Amino acid sequence: MATRPRAAASPKPSPARRRSAGLTLAAAAPGQARARVEAITLDHQQAMEGPLGAGRGLSWTALRGAGPALAAAREQVHAAHAEGATPLLVQLGADRAAAALALAERWHQDHDRIVVFGEASGVAALTISSGDTPSERLRWASGPSTAALRAGLVGADRPLILLVGTAEWVGWSAQAAAPGAPVHALSPAEDGVFAPWSLESLALGAWSGADPAAAVEACSAAYARGRALHTDIARRIAGLSAQFDARLSLGRLDLCAMSELGARVAAVGAQAWAAVVCKAQVSGAMRQPGADAPRTRRLGDEGDLQRLFEGPADAWTLLLEELSAIHGPGLAPLADAEAALATGQGRAWTRLRFAEGDPAVALAITLILLEAALTVAMLRRASPLEMPTADRFREGLSLGPHPALDAGAHAPQES
């Protein structure tokens, strides 16, 4: 698990534009997204014994010793994908880009605005494919309050409400806010931690000028890298997490972002990590383990930095470091200063480096974080992709009254 050298930042593409059915789409050159994914690197020198001092970090021997267990866990994760236990391989299929573009074109012809409404984690996941500049005809409204949904519908003549999440209140609230408005429901098979690569996510990206083909190519490249140890960044992140937890009692992941898009990637990555890792199985029953869910913060936020460095020393940091070839060093000096501060205090601090501002690469990073989380769950013998607390909450809710529905009314269905 040797440290890879720092990669040079890839220049931002100058995408050719093509227009299909009135929808403007940025078309990436073939192989461009894959090349940018190949430039993603993980630098964990600040997590090793040398920089932190003997007894405070990890030795290379410890990481290499974890190799067989990591390899077995990764094989389990890939086998689950191959056996259809997750929708990931279907989502990365070659036909997905064309299907997403066709859906986006149909939306473009039939609607003047799309309001994405539902469970907060799912809504956040669908924002990543639109990159830094979402279409002005898109609105995001996390529930269960309908205020943001109503505000997002103001001024629209032909809106579409995209419902996200399987909780029953999602349908109730949409009907209460906009009776009779057309709705489209995100497929339950692509909900939750797999929402970033759903057909609807790729279609929303196309509305904002992103190329669905580039997104699928980038995520496929990230997944393909996971088949080999020396290129599998998810495996290395999982290995660090497991060793930090077992040897240094660092059970919490601190995800630090450098930009607005990076912050959204961090939030979605943290939600996925919490969903599949932050629980353990004891005597057949699920319980919450001692490790807390990941935290997210922005680089340079002194309040967050104070809470992290002056609070309990239970976290290790993963910086989502976006490299810019256009704006010079950017926030690199700020990142270097925090790394020096962390090293001086004996704190584990790592960098996941990638090109900035590219929604396709951002989606690939969310995939890497999910694969790392699934691998950690396998190592802990947790039961990934099960959320019993949420399930019990929904069951209890379904047994109670439905105040958002009029008597005899039905929740809206996909149309």
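In case you missed it, the structure is sitting above this.
Read on for a plain summary of the structure. (Residues numbered from 1 in each chain as written. Predicted model: local features only at pLDDT ≥ 70, side-chain atom pairs only at ≥ 80, totals over all residues. Heavy atoms only, no water.)

Two pairing modes exist for strands in a sheet, parallel and antiparallel, and in both the strands are linked by backbone hydrogen bonds. Pairing in this open sheet of 5 strands is mixed, and the strands run S3-S13-S12-S8-S11 from one edge to the other. Either end of the sheet is taken by a strand with one partner, and the two such strands are strand S3 (41-43) and strand S11 (295-298). For this sheet the average axis-to-axis angle between neighbouring strands, irrespective of direction, equals 25°. One ladder, built from 3 bridges, connects S3 with strand S13 (residues 349-355); its direction is antiparallel. Bridge pairing in S13 places Thr41 opposite Arg353. Contacts between helix H14 (residues 302-310) and the sheet are confined to strand S8 (252-257), S11 and strand S12 (315-323), with S11 contributing the most and set at about 135° to the helix. This element, helix H16 (residues 359-379), spans S12 and S13 of the sheet and lies at about 145° to S13. (Pairing = 2+ DSSP bridges. Helix = DSSP H or I, 4+ residues; strand = E, 2+ residues; numbered from the N terminus. Axes fitted to C-alpha atoms, helices over the stretch in contact; angles between N-to-C directions. Contact = heavy atoms within 4.5 Å.)

Next up on the list: the pairing of strand S6 (residues 159-164). The element S6 is largely enclosed, with a buried count of 6 among its 6 residues. The alternating pattern of S6 places Pro159, Ile161 and Leu163 on one face and Leu160, Leu162 and Val164 on the opposite face, and all of these are buried. Two strands pair when backbone bridges link them, and strand S4 (residues 113-118) and S6 are joined in this way by 6 bridges, in the parallel orientation. Considered in S6, the bridge of Val116 is made with Leu162. In this structure, S6 lies alongside strand S7 (residues 183-185), joined through 3 bridges in parallel fashion. The residue of S7 that forms the bridge with Leu163 is Ala185. (Buried < 20%, exposed > 50% of the residue type's maximum accessible area, 1.4 Å probe, protein only.)

Attention now moves to the pattern of salt bridges. Considering all chains together, one arrives at 15 salt bridges under this definition. One salt bridge connects Arg235 with Asp232, and the closest N-O pair in it is separated by 3.0 Å. Each member of the pair, Arg235 together with Asp232, is buried. Via salt bridges that share partners, Asp43, Glu321, Asp336, Arg351 and Arg353 belong to a single interconnected network. (Salt bridge = Lys/Arg side-chain N within 4 Å of Asp/Glu carboxyl O.)

What follows concerns the packing of helix H7 (residues 120-127) against helix H13 (residues 260-277). Put simply, H7 and H13 touch, their axes get as near as 9 Å, and they point 135° apart. When the axis of H7 is compared with that of H13, the two are oblique. For the element pair H7 and H13, the recorded crossing hand is left-handed. Where H7 abuts H13, its residues Ser121, Ala124, Ala125 and Thr127 lie against Arg264, Val268 and Gln271. (Parallel < 35°, antiparallel > 145°, perpendicular 65-115°, else oblique. Left-handed = near helix turned anticlockwise from the far one by under 90°.)

Taken in spatial order, the 4 strands make up an open sheet running S5-S4-S6-S7, and their pairing is parallel. Of all the strands in the sheet, the pair left with one neighbour each is strand S5 (138-142) and S7. Neighbouring strand axes in the sheet, compared pairwise and without regard to direction, differ in orientation by 20° on average. Across 5 bridges, the pairing between S4 and S5 is parallel. Its bridge partner being in S5, Val115 is matched across the sheet by Arg139. Along the sheet face, helix H9 (residues 168-177) touches S4 and S6 and points at about 135° away from the line of S4. Docked against the sheet, helix H10 (residues 199-207) engages S4, S5, S6 and S7, running at close to 145° with respect to S4.

Scanning the model with the defined rule gives 3 aromatic pairs in all. When the centroid spacing of 6.1 Å and the interplanar angle of 85° are considered together, the rings of Phe117 and Trp169 count as edge-to-face. One end of the pair, Phe117, is in strand S4; the other, Trp169, is in helix H9, and 52 residues separate them in sequence. Relative to Trp316, the ring of Phe244 has its centre 5.1 Å away and its plane inclined at 50°; by these criteria the two rings are tilted. A residue pair is termed long-range when its members are at least 10 positions apart, and Phe244 in helix H12 (residues 233-248) and Trp316 in strand S12 qualify at 72 residues. Using a relative accessible area of 1% as the deciding quantity, one classes Trp316 as buried. (Phe/Tyr/Trp six-rings, centres within 6.5 Å; stacked < 30°, edge-to-face > 60°.)

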